[in-house]
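Residues per chain are reported as follows:
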Amino acid sequence: MDLVMEQIEVNPLVAARKCGGTAMAGARNVCLGCAFQHECRDWLERGGDLAGLAEFCSNAGFFMECKRSGQSA
């Protein structure tokens, strides 16, 4: 999850503070139980973007909401 957040330039402070931290905890749990770990690894290796991530990632919406200011989705 940390590598994905770095790749798409998620603001970690925004992510950690969203809903008092419960959104980040939920997103981490989704990542830990995700069935698409191979797709995610391949996406990271290709240097993928948010649009490509959204094709298989249940957390894509959360990540989009937490992107750094000035970055396009």
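The structure displayed is predicted, hence computed values, not measured ones.

Caption draft 1: Geometry of the side chain of Asn-59. Relative to the assigned elements, Asn-59 resides in the loop between helix H5 (50-54) and helix H6 (60-65). By relative accessible area, which is 5% here, Asn-59 ends up buried. Here Asn-59 is in contact with Ala-27, Val-30 and Cys-31, once residues within four sequence places are set aside.

Caption draft 2: Examining the packing of aromatic side chains more closely. The full count for this structure, using the stated rule, is two aromatic pairs. Here Phe-36 and Phe-56 contribute two aromatic rings whose centre-to-centre distance is 6.4 Å and whose plane-to-plane angle is 45 degrees, an arrangement assigned as tilted. Placement of the pair is Phe-36 in the loop between helix H3 (22-32) and helix H4 (37-46) and Phe-56 in the loop between H5 and H6, with a sequence separation of 20 residues. With 5.9 Å between their ring centres and 55 degrees between their planes, Phe-62 and Phe-63 make a pair best called tilted.

Caption draft 3: Representation of the environment of Leu-3. Its place among the elements puts Leu-3 in helix H1 (residues 2-7). When the C-alpha atoms of Leu-3 and Phe-36 are compared, they prove to be 15 Å apart, with 33 residues separating the residues in sequence.

Caption draft 4: Region of the structure containing the pattern of salt bridges. With the rule as written, the count across this model stands at four salt bridges. For Asp-2, the salt bridge is made with Arg-28, and the minimal N-O distance between the two is 3.1 Å. Taken together, the residues Asp-2 in helix H1 and Arg-28 in helix H3 connect sequence positions 26 residues apart. Look at Arg-28 and you get partly exposed, because its relative accessible area is 31%. We note a salt bridge from Glu-45 to Arg-41, for which the minimum N-O separation is 3.9 Å. In this pair, Glu-45 and Arg-41 both sit in helix H4, four residues apart, roughly one turn of the helix. Judged by relative accessible area, Glu-45 falls into the exposed class, the value being 62%. On the accessibility criterion, Arg-41 (40% relative accessible area) is partly exposed. Shared partners join several salt bridges into a network, and the residues in it are Arg-41, Asp-42 and Glu-45.

Rules used in this analysis
- Residues numbered from 1 in each chain as written.
- Predicted model: local features only at pLDDT ≥ 70, side-chain atom pairs only at ≥ 80, totals over all residues.
- Heavy atoms only, no water.
- Helix = DSSP H or I, 4+ residues; strand = E, 2+ residues; numbered from the N terminus.
- Buried < 20%, exposed > 50% of the residue type's maximum accessible area, 1.4 Å probe, protein only.
- Contact = heavy atoms within 4.5 Å.
- Phe/Tyr/Trp six-rings, centres within 6.5 Å; stacked < 30°, edge-to-face > 60°.
- Salt bridge = Lys/Arg side-chain N within 4 Å of Asp/Glu carboxyl O.

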